[in-house]
Amino acid sequence: MIQRLIRDPLVSFLFAGTLLFFITDWFSSEDDAYQIQVTTNEVQRLSDQWSLQMRRPPNKQELDGLISAFVKEEIYYREALKLNLDANDTIVRRRLVQKLTFLTEDIATNEPPAVEALQSFYTKQIDKYMEPAKFSFAHRYFSSDRRDNSQAAASQALTDTTIKGDPFMLQKEYAQRSKRDVGNLFGRDFAEKLAELPTSDEWQGPLKSAYGWHVVKLLNVAPERVQPFNELIEKVRIDWQQAERKVANEGYFTNLKAKYSITYPAEPAASSAN
């Protein structure tokens with residue numbers, strides 16, 4: 001039976017055709033692996049990159065050099081892949097993960113959001129767009145390094161305006177500064193105490209800072225407010241994109257993870273107490 005099949009011309013033809021297909025496919029794949037096509041788009045990309053960095057288009061010699069460098073890089077890249085040099089390389093792994101993450105994010109935010117979507121996002125995140133209270137004040141400084149009792153001198157200066165303060169490395173007056181700004185300049189305790197004072201044309205304090213003691217004149221306090229949507233639309237757009245990217249990445253990873261069977265090492269058994 002088998003001998004009869006082997007002698008059958010049709011079977012022989014099919015076998016020869018199949019063998020020829022695999023041979024052709026094998027050699028064509030090998031040939032393709034050694035084909036590098038430098039496209040017009042690739043040349044334009046190289047030229048644009050040069051122009052962006054050098055602020056002028058490349059001349060013919062410079063462009064030829066860019067193309068030669070691209071071909072060299074492509075050859076080395078392909079040979080490195082053939083040698084499996086990308087395996088077990090932490091930097092390559094992280095870069096590939098990063099590129100996949102960027103791809104997911106770009107797909108998620110490819111379409112610009114409608115104004116209604118931004119307004120809805122703004123309303124749900126309204127606490128994020130609160131503008132904090134801002135303080136405008138003047139101060140006189142009394143140095144702990146220059147004086148034996150700077151606190152007492154500051155206290156006396158509240159009622160005696162002839163007592164001059166010490167030179168201060170920063171400003172003597174500040175306008176529209178948030179409590180965080182004041183804390184960054186003078187220290188958190190100073191900012192907390194300042195926020196508790198009433199507005200007044202009179203000197204108040206003394207308040208201790210990171211530098212020494214101060215008497216302050218709290219001129220104005222602008223209360224916290226919700227910043228209007230039309231003032232923040234670009235910031236809201238950026239925040240919306242970041243939120244969408246996060247959701248897209250989390251959803252994409254959840255779906256991918258569901259396809260994998262993951263085995264973890266067994267935890268060592270707890271040793272029994274003697």
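The structure under discussion appears in the preceding block.
Residues numbered from 1 in each chain as written. Predicted model: local features only at pLDDT ≥ 70, side-chain atom pairs only at ≥ 80, totals over all residues. Heavy atoms only, no water.

Q: Just give me the short version of the nonpolar core, but keep the residues and values in it.
A: Counting residues in each nonpolar core, the largest one holds 14 residues, and the members touching the most others are Phe 137, Val 182, Phe 186, Phe 190 and Leu 194. Elements that contribute at least two residues to this core include exactly strand E2 (134–143), helix H8 (179–186), helix H9 (188–196) and strand E5 (212–222). Leaving out residues up to four positions away in the same chain, Phe 186 has contacts with Phe 137, His 139, Phe 168, Tyr 174, Ser 209, Ala 210, Tyr 211 and His 214. (Core = buried A, V, L, I, M, F, W, Y, C linked by side-chain atoms within 4.5 Å. Buried < 20%, exposed > 50% of the residue type's maximum accessible area, 1.4 Å probe, protein only. Helix = DSSP H or I, 4+ residues; strand = E, 2+ residues; numbered from the N terminus. Contact = heavy atoms within 4.5 Å.)

Q: Outline unusual backbone geometry, listing residues and values.
A: Residue Pro 206 is bonded to the preceding Gly 205 through a cis peptide linkage, with omega at 0°. Tracing the sequence through the fold places Pro 206 in strand E4 (residues 204–208). Backbone geometry at Asn 84 places phi at a positive 60°, although glycine is not the residue there. Take Asn 84: it is sitting in the loop between helix H4 (60–82) and helix H5 (90–108). Positive phi is not limited to glycine here, since Gln 176 has a value of about 55°. Considering the arrangement of structural elements, one finds Gln 176 in strand E3 (residues 173–178).

Q: Describe the packing of aromatic side chains, listing the residues and the values that go with them.
A: If you walk through the whole model with that rule in mind, you get eleven aromatic pairs. Aromatic side chains Tyr 141 and Phe 168 sit 4.9 Å apart centroid to centroid with 55° between the ring planes, which places their arrangement in the tilted category. With Tyr 141 in strand E2 and Phe 168 in the loop between helix H7 (150–157) and E3, this pair connects stretches of sequence that are 27 residues apart. Each member of the pair, Tyr 141 as well as Phe 168, is classed as buried. Three or more aromatic residues link up through ring pairs in this structure, and these residues are Phe 137, Tyr 141, Phe 168, Tyr 174, Phe 186, Phe 190 and Tyr 211. (Phe/Tyr/Trp six-rings, centres within 6.5 Å; stacked < 30°, edge-to-face > 60°.)

Q: I'd like a description of the pattern of salt bridges, backed by residues and values.
A: Inspection of the entire model under this criterion finds 13 salt bridges. Notably, a salt bridge pairs Glu 79 with Lys 82, separated by 3.3 Å at the nearest N-O pair. Pair noted here: Glu 79 and Lys 82 are both in helix H4, with a separation of three residues, about one helical turn. Note that Lys 179 and Glu 192 form a salt bridge whose closest N and O atoms lie 3.5 Å from each other. One end of the pair, Lys 179, is in helix H8; the other, Glu 192, is in helix H9, with 13 residues separating them in the sequence. On the basis of relative accessibility, which here comes to 34%, the residue Glu 192 falls in the partly exposed class. Among the ionic contacts, a cluster of salt bridges with common partners joins Glu 131, Lys 134, Arg 225 and Glu 231. (Salt bridge = Lys/Arg side-chain N within 4 Å of Asp/Glu carboxyl O.)

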